[in-house]
Amino acid sequence: MSELAFFIDYSRCIGCQACVQACEECDTHRGRSLIHLETIERRDSVQTAPQVCMHCVDPICARVCPADAIKQTAEGVVQSSLKPRCIGCSNCVLACPFGVPKYFGEVDQMMKCDMCYDRTSTGRRPMCATVCPSQALAFTTIEEIMRTRQGQAVNEWQFGEERVRTKVYVLVPTAVDRVHVDIIPLSSLRKTPLADPYDVAELLSQ
Amino acid sequence: MADAHEQARWREDFPVRWDEDHYMTRRELAKFLTLGSGLLASVSVLIAAIGLTRAAPSAPVRTIANVDDVPAGGSLLFRYPTDEDPCILVRDGAGRFDAFSQVCTHLSCAVVHRPEQQALACPCHNGSFSAADGRPLAGPPTRRLPRIVIEQQGTKLVARGIEV
């Protein structure tokens with residue numbers, strides 16, 4: 001039996017907000033919900049999608065941190081910023097391709113989903129996966145997911161030319177081996193290359 | 001994750017991996033030192049305060065004998081501060097009174113007065129204490145006998161406390 005892993009099945013999400021509430025109860029960040037529950041094309045659909053930290057194998061949030069405040073544990077869990085070090089610059093908030101880190105102005109610190117490290121490090125399920133009634137958020141083994149779900153679990157993402165591998169899996173149709181996320185290439189917006197690449201006024205005028 | 005060899009040199013000092021991070025900020029060290037010193041100081045003050053407020057329980061005052069009961073060079077057994085604590089009153093040749101616990105500090109046998117040696121001797125292991133101040137003179141005991149503070153009130157001898 002393989003080790004426990006986190007799986008997101010977006011198609012199962014019913015938007016009940018139970019995960020948002022349960023996240024507040026986590027002892028590592030009590031009172032602050034760090035999960036994102038996104039609404040997808042709200043005008044036309046009731047589809048929602050939970051977004052926990054995907055725990056990138058090479059976490060870009062930690063890479064861009066100028067204060068050396070974001071650390072990855074041996075299990076691959078990317079932690080919230082260390083309070084004595086975080087300078088609240090929000091570099092990580094901007095850099096994360098999944099939009100996970102949250103900056104809290106009142107404590108001047110970035111906090112993010114740490115997969116309920118106090119729970120998962122002792123073999124218990126994260127708060128959100130514990131309460132999710134449709135198990136769109138599931139913390140179980142890959143065998144169990146393959147046995148009970150359709151499609152397949154992947155943990156590779158393609159953002160433009162950037163490939164990202166994550167600790168958390170998402171369930172996708174069988175034919176998909178990697179989640180492609182389209183990004184708007186800034187270069188295509190420009191009709192002509194800028195004479196001065198640092199001329200912000202000209203960049204915005206185009 | 002990028003191979004360690006591909007990392008920039010400065011990354012070795014600021015690793016992403018938690019278990020490789022051994023950096024402690026000046027602020028963390030200062031906080032640790034301040035809190036640690038504060039804790040030590042406050043605990044010391046607390047212990048001192050407890051020691052001051054909880055004074056030793058006052059010893060009972062008890063009449064133990066009349067002056068005439070003990071001849072010079074003689075001794076008398078009594079109990080102080082409770083009836084469970086045997087003590088011995090000795091009077092030296094000059095007429096001076098001293099009193100000690102009768103419990104040997106070696107293995108708690110009862111000591112007996114040897115006026116010819118001016119000693120309190122323990123028969124169990126041949127221990128010997130000075131009859132003048134209770135210091136161990138010979139044998140296994142290393143600690144002095146607790147002294148009973150006595151006071152002469154007229155013709156009565158009164159015990160007022162214990163000096164360990």
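What counts as what
- Residues numbered from 1 in each chain as written.
- Chains lettered and ligands numbered in written order.
- Predicted model: local features only at pLDDT ≥ 70, side-chain atom pairs only at ≥ 80, totals over all residues.
- Helix = DSSP H or I, 4+ residues; strand = E, 2+ residues; numbered from the N terminus.
- Buried ≥ 20, exposed ≤ 12 C-beta atoms within 10 Å, placed from the backbone.
- Contact = placed C-beta atoms within 7 Å.
- Pairing = 2+ DSSP bridges.
- Axes fitted to C-alpha atoms, helices over the stretch in contact; angles between N-to-C directions.
- Nonpolar A, V, L, I, M, F, W, Y, C, P; charged D, E, K, R; others polar.
- Expected span 1.5 Å × (residues − 1).

Asker: Can you walk me through the overall build of chain B in this structure?
Answerer: When helices and strands are tallied, chain B shows 2 helices and 10 strands. Taken from N to C terminus, the helices and strands of chain B fall in the order α-α-β-β-β-β-β-β-β-β-β-β. The buried share among the 164 residues of chain B stands at 20%. In chain B, 32% of the contacts between residues at least 6 apart in sequence involve partners at least 24 apart.

Asker: Please explain the overall build of chain A as it appears in this structure.
Answerer: When helices and strands are tallied, chain A shows 8 helices and 9 strands. Out of the 206 residues belonging to chain A, those deemed buried represent 29%.

Asker: What exactly am I supposed to notice about the sheet that holds strand β7 (residues 127-130) of chain B here?
Answerer: Paired through backbone hydrogen bonds, the strands of a sheet run either parallel or antiparallel to each other. Residues and elements named next belong to chain B. Across the sheet, 4 strands lie side by side as β5-β6-β7-β8; this open sheet has antiparallel pairing. The strands lining the two open edges of the sheet, one partner per strand, are β5 (112-114) and β8 (136-138). Averaged over all pairs of adjacent strands, the angle between strand axes in this sheet comes to 40°, irrespective of strand direction. Sheet topology places β5 next to strand β6 (residues 119-122); 3 bridges connect them, and they run antiparallel. Of the residues in β6, the one forming a bridge with valine 112 is alanine 121.

Asker: Mind showing me how you'd approach the interface of chain B and chain A here?
Answerer: Bring the parts together and some accessible area is lost; that lost area is often taken as the interface size. The partner chain A presents 12 residues to the 12 residues of chain B that form the contact. In terms of residue class, the side of chain B that touches chain A is built from 6 nonpolar, 1 polar and 5 charged.

Asker: What am I meant to see in helix α2 (residues 26-53) of chain B here?
Answerer: Helical geometry note: an α-helix holds 3.6 residues per turn, so side chains three or four residues apart project in the same direction. Its 28 residues give α2(B) an end-to-end C-alpha distance of 40 Å, which sits within 8% of 40 Å, the value for a rise of 1.5 Å per residue. Counting buried positions along α2(B) yields 0 of 28 residues, so the element is predominantly exposed.

Function cannot be read off these values alone, since they describe shape.
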